Amino acid sequence: MNRINESKIKEICIGSVSLALIMAIAVFIIMLYAKRSILAEASAGDVYVAINTIPAGTVIDEDNLLNYMKKTEIADELIPASGIRMSSEIKGMMAVCDIDKGSILTLGMFKENQDPVKGMKAPVVVGLKAEDLYQLDNGILRGGDRIHIYGSDEEGNVRLRWSNIYVVQTFDEEGRAIDAGNNRTSAKRINLYMEKADVESFYTGLESGNLRAVKALQ
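A brief look at the structure comes next. (Residues numbered from 1 in each chain as written. Predicted model: local features only at pLDDT ≥ 70, side-chain atom pairs only at ≥ 80, totals over all residues. Heavy atoms only, no water.)

As enumerated under the stated definition, the model contains three aromatic pairs in all. Measuring from ring centre to ring centre gives 5.8 Å for Tyr166 and Tyr193, while their planes differ by 25°; the resulting arrangement is stacked. Of this pair, Tyr166 sits in strand β7 (residues 158-171) while Tyr193 sits in strand β8 (residues 189-195), and the two are 27 residues apart along the sequence. The buried category is assigned to Tyr166, whose relative accessible area is 13%. Here Tyr193 falls in the partly exposed class, since its relative accessible area comes to 21%. (Phe/Tyr/Trp six-rings, centres within 6.5 Å; stacked < 30°, edge-to-face > 60°. Helix = DSSP H or I, 4+ residues; strand = E, 2+ residues; numbered from the N terminus. Buried < 20%, exposed > 50% of the residue type's maximum accessible area, 1.4 Å probe, protein only.)

This is the structure we're talking about:
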């Protein structure tokens, strides 16, 4: 009799464990289905995300837009109110700070790229070697940067000569234009916007070697 009872008890235990396992699997499947249903019902939208670091001062245009960003679908609740959803919102805009790769792009990260020659009477482009302007040799300057230029007077006092001079483009030692996203290559030649009336005194200062420059911070 005892052996028969023990056998029945074992069968009951095995049956209970099997039933519990089946129920656990069923609950897991139900929860997984419910989770998928909730995710499927969640609304999603498109927003532009940085796929590479966007350096401060970079102007977004047709040529570089696809190098810096792409449209990505994410949950609507994760998209900021000022998130950039259309490329037309960002073309011609300038990054106001370094934007990390993977960042959701918002309007606050960019500003309007103002015309650098606006307000100038007779703007011209002047070219020079970086080594000719003291403290610019081996500097990291890019198109869109601005510099302040100082010079020494007859008494040897250093004074501000020109402020917020716009850097049109910079070139490496091979004469190739340096992209704004390149933070390694030193500028060897530089093109600047200046007033035509200032060119003579500017080149005279370069020849005398008493001009020096500092980069204006954004």
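What follows is about the environment of Phe202. Relative to the assigned elements, Phe202 resides in helix α3 (residues 199-208). Between the alpha carbons of Phe202 and Gly151 there is a distance of 9.6 Å; along the sequence they are 51 residues apart.

Relative to the helices and strands, Arg142 is located in the loop between β5 (123-129) and β6 (146-152). Although Arg142 lies buried, it forms no salt bridge, and the closest oppositely charged side chain, Asp145, sits 6.6 Å away as judged by the N-O distance. Among residues more than four places away in sequence, those in contact with Arg142 are Val167, Thr170, Ile178, Asp179, Ala180, Asn182, Asn183, Arg184, Thr185 and Ala187. (Lys, Arg positive; Asp, Glu negative; His and termini not counted. Salt bridge = Lys/Arg side-chain N within 4 Å of Asp/Glu carboxyl O. Contact = heavy atoms within 4.5 Å.)

With that out of the way, let us pick up α3. All buried positions along α3 are accounted for by Val199, Phe202, Gly205 and Leu206. Down the axis, α3 shows its buried residues gathered within 125° of arc, on one side only. Opposite the packed face of α3, turned more than 90 degrees from it, sit the exposed residues Glu200, Glu207 and Ser208. For α3, the elements touching its buried residues are β5, β6, β7, β8 and β9 (211-215). (Arc of directions from axis to C-beta.)

This paragraph deals with the nonpolar core. Counting residues in hydrophobic clusters, the biggest one holds 21 residues, and the most contacted among them are Leu133, Ile147, Ile149, Ile190, Leu192 and Phe202. Counting only elements with at least two residues in this core, the list comes to β5, β6, β7, β8, α3 and β9. Of all hydrophobic cores here, the second largest spans 15 residues; its members include Ile54, Ile90, Ala95 and Leu105. (Core = buried A, V, L, I, M, F, W, Y, C linked by side-chain atoms within 4.5 Å.)

One non-glycine residue with positive phi stands out, namely Asn164, at about 50°. Mapped onto the elements, Asn164 comes out in strand β7.

What follows concerns the sheet that holds β8. What the five strands build is an open sheet, ordered β5-β8-β7-β6-β9; its pairing is antiparallel. Edge positions in the open sheet fall to β5 and β9, since each of these has one partner strand only. On average, each strand axis in the sheet is inclined to that of its neighbour by 40°, with strand direction left out of account. Strand direction decides the pairing type here: β5 and β8, joined by seven bridges, are antiparallel. (Pairing = 2+ DSSP bridges. Axes fitted to C-alpha atoms, helices over the stretch in contact; angles between N-to-C directions.)

Right, let's talk about the pairing of β6 for a bit. Each regular strand shows side chains that alternate between the opposite faces of the sheet. With six bridges joining them, β6 and β7 adopt antiparallel strand pairing. Residue Tyr150 lies in a different strand from β7, and its bridge partner there is Leu160. Where β6 folds back onto β7 in an antiparallel hairpin, the turn is made up of five residues, including Gly156, whose phi is positive at roughly 85°. In this structure, β6 lies alongside β9, joined through five bridges in antiparallel fashion.

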